[in-house]
Amino acid sequence: MLSDITIGQYFPGKSAVHRLDPRFKIIITAIFIVMLFSADTFAGLAIGLIFMCISYGISKIPGKLIAKSLKPIIPIIVITSILNLFFIGGASVFHIWKINITDEGLRTAAFMVIRIAALIAGSSLLTYTTSPIILTDAVEQLMEPLKKLHFPVHELAMMMTIALRFIPTLIEETDKIMAAQKARGADMDSGGLIHRAKALIPILIPLFISAFRRAEELALAMECRCYKGGEGRTKLKTLKSGGADYAAMSLSLLFLAGVFVTNAVLQ
């Protein structure tokens, strides 16, 4: 399961999506999220899904990565579906004993499942096609106006990117610790919920120790390189926008407008 977590991973490529200005990719991702949460009908959700499929098709990211990114959130999707199925009123579709499933419950459950899955898959495309370093520069430049309010923009962008960058590293470390504990005879796959929770203690303690050690080593390395924050720092590569960036954002706004029109017509 841990090997299926692809959050924070970057897959190099030369597609049009990879070449887009990361600042525009962040804005387009935000527009896509607005699409999903502003859609009130399945037709509106379909517009967002079409936009996501077009983006994945252009980026040439393998479709199997979408399934891998969704695997870790299957429990959340299942719980959300159950809550919507059993606790939303409406015309009864299926009734047995105290279990009553309504048409509105089915509709809401399906709607939420599609929305959550699309949200994870669509937002993951940002990290799939953008390296952490470039993403840091993009976040920092987008938050540039906050510097006038003495907000530590560079430090915040750096912390966000370091956290994102170390997710795959911590997942790999967890896999190694689990394999080492199983080799010593630890039973993590059987027993009830309480037993499995207790079995996580031998994993969490060394994982926390390893995480703090890595953080200390990173801080020491940054100090040895005379890192003093963003004041006076220059960029190795300057971000530049072009016609393709504006075209991509215009297309995303067009799809967003389509969602609003669909909501107004079908409601």
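Residues numbered from 1 in each chain as written. Predicted model: local features only at pLDDT ≥ 70, side-chain atom pairs only at ≥ 80, totals over all residues. Heavy atoms only, no water.

A.B. asks: Is there a simple way to explain the pattern of salt bridges in this structure?
C.D. replies: For side chains of opposite charge, pairing can occur when their charged atoms come near one another. Across all of its chains, the model carries five salt bridges by this definition. One salt bridge in this structure joins Lys 147 and Glu 144, with 3.4 Å as the shortest N-O distance. What makes Glu 144 partly exposed here is its relative accessible area of 37%. Taken together, the shared-partner salt bridges connect Glu 140, Glu 144 and Lys 147 into one network. (Salt bridge = Lys/Arg side-chain N within 4 Å of Asp/Glu carboxyl O. Buried < 20%, exposed > 50% of the residue type's maximum accessible area, 1.4 Å probe, protein only.)

A.B. asks: Teacher, can you tell me more about the environment of Thr 161 here?
C.D. replies: Tracing the sequence through the fold places Thr 161 in helix 8 (residues 153-183). Once the C-alpha coordinates of Thr 161 and Asp 137 are considered, the two residues, 24 residues apart in sequence, prove to be 9.6 Å apart. Ignoring any residue separated from it by four or fewer positions in sequence, one finds Thr 161 in contact with Pro 132, Ile 133 and Thr 136. (Helix = DSSP H or I, 4+ residues; strand = E, 2+ residues; numbered from the N terminus. Contact = heavy atoms within 4.5 Å.)

A.B. asks: Explanation requested: the nonpolar core in the structure shown.
C.D. replies: One recurring pattern in soluble globular proteins: nonpolar side chains tend to sit buried together. If you look at the biggest cluster of nonpolar residues, it comprises 24 residues, and the most contacted ones within it are Phe 32, Met 35, Phe 51, Tyr 56 and Ile 61. At the level of secondary structure, the elements contributing two or more residues to this core comprise helix 2 (22-38), helix 3 (42-59), helix 4 (64-70), helix 6 (103-128) and helix 11 (243-266). Beyond its immediate stretch of four places on either side in the chain, Met 35 contacts Gly 48, Phe 51, Ser 252, Phe 255, Leu 256 and Val 259. (Core = buried A, V, L, I, M, F, W, Y, C linked by side-chain atoms within 4.5 Å.)

A.B. asks: How should the packing of aromatic side chains be read in this particular structure?
C.D. replies: Any aromatic ring pair is given by two values, namely how distant the centres are and how the planes are angled relative to each other. According to the stated counting rule, one finds five aromatic pairs in the structure shown. Note on Phe 51 and Phe 255: the rings are 5.3 Å apart at their centroids and 55 degrees apart in plane angle, and the pair reads as tilted. Of this pair, Phe 51 sits in helix 3 while Phe 255 sits in helix 11, and the two are 204 residues apart along the sequence. Residue Phe 255 is classed as buried on the basis of its relative accessible area, which comes to 15%. A connected cluster of aromatic rings, assembled from ring pairs, spans Phe 32, Phe 51 and Phe 255. Looking at Arg 107, its charged tip hangs above the ring of Phe 111, at a distance of 5.5 Å from the centre. (Phe/Tyr/Trp six-rings, centres within 6.5 Å; stacked < 30°, edge-to-face > 60°. Lys NZ or Arg CZ within 6 Å of the ring centre and 35° of its normal.)

A.B. asks: I'm lost on the packing of helix 3 against helix 6 in this one. Help?
C.D. replies: Describing two packed helices takes the angle between their axes plus the distance from one axis to the other. It is the contact of helix 3 with helix 6, at a shortest axis distance of 10 Å, that shows an interaxial angle of 25 degrees. Taken together, helix 3 and helix 6 sit at an angle that is classed as roughly parallel. Judged by the twist between their axes, the crossing of helix 3 over helix 6 is left-handed. Mapping the contact onto sequence places Phe 42, Leu 45, Leu 49, Met 52, Ser 55, Tyr 56 and Ser 59 in helix 3 and Arg 107, Ala 110, Phe 111, Ile 114, Arg 115, Ala 118, Ala 121, Gly 122, Ser 124, Leu 125 and Tyr 128 in helix 6. Partitioned by chemical class, the residues of the contact of helix 3 with helix 6 number twelve nonpolar, four polar and two charged. (Axes fitted to C-alpha atoms, helices over the stretch in contact; angles between N-to-C directions. Parallel < 35°, antiparallel > 145°, perpendicular 65-115°, else oblique. Left-handed = near helix turned anticlockwise from the far one by under 90°. Nonpolar A, V, L, I, M, F, W, Y, C, P; charged D, E, K, R; others polar.)

A.B. asks: I keep staring at the packing of helix 2 against helix 6 and nothing clicks. Help me out?
C.D. replies: In contact at an axis separation of 10 Å, helix 2 and helix 6 are set at 175 degrees when each is read in the N-to-C sense. The pairing of helix 2 with helix 6 is recorded here as roughly antiparallel in orientation. For the pair helix 2 and helix 6, contact is made by Lys 25, Ile 26, Thr 29, Phe 32, Ile 33, Leu 36 and Phe 37 and by Arg 115, Ala 118, Leu 119, Gly 122, Ser 123 and Leu 126, respectively. Class assignment of the residues belonging to the contact of helix 2 with helix 6 gives a composition of eight nonpolar, three polar and two charged.

A.B. asks: Looking at this structure, how should I read unusual backbone geometry?
C.D. replies: What you tend to see is this: most non-glycine residues have negative phi, and most peptide bonds are trans. Despite not being glycine, Lys 60 has its phi angle at roughly 60 degrees, a positive value. Here Lys 60 shows up in the loop between helix 3 and helix 4. Residue classification places Lys 60 among the exposed residues on the basis of a relative accessible area of 70%. We note that His 150 has phi near 60 degrees; this positive angle belongs to a residue other than glycine. Its location among the elements puts His 150 in the loop between helix 7 (132-142) and helix 8. Residue classification places His 150 among the exposed residues on the basis of a relative accessible area of 75%.

A.B. asks: Please explain the environment of Ile 134 as it appears in this structure.
C.D. replies: By secondary structure assignment, the location of Ile 134 is in helix 7. Taking relative accessible area as the criterion, Ile 134 reaches 34% and is therefore assigned partly exposed. Note: C-alpha distance between Ile 134 and Lys 237 (103 residues apart in sequence) is 8.7 Å. Those residues within four positions of Ile 134 in sequence are excluded, and the remaining contacts are Pro 22 and Leu 239.

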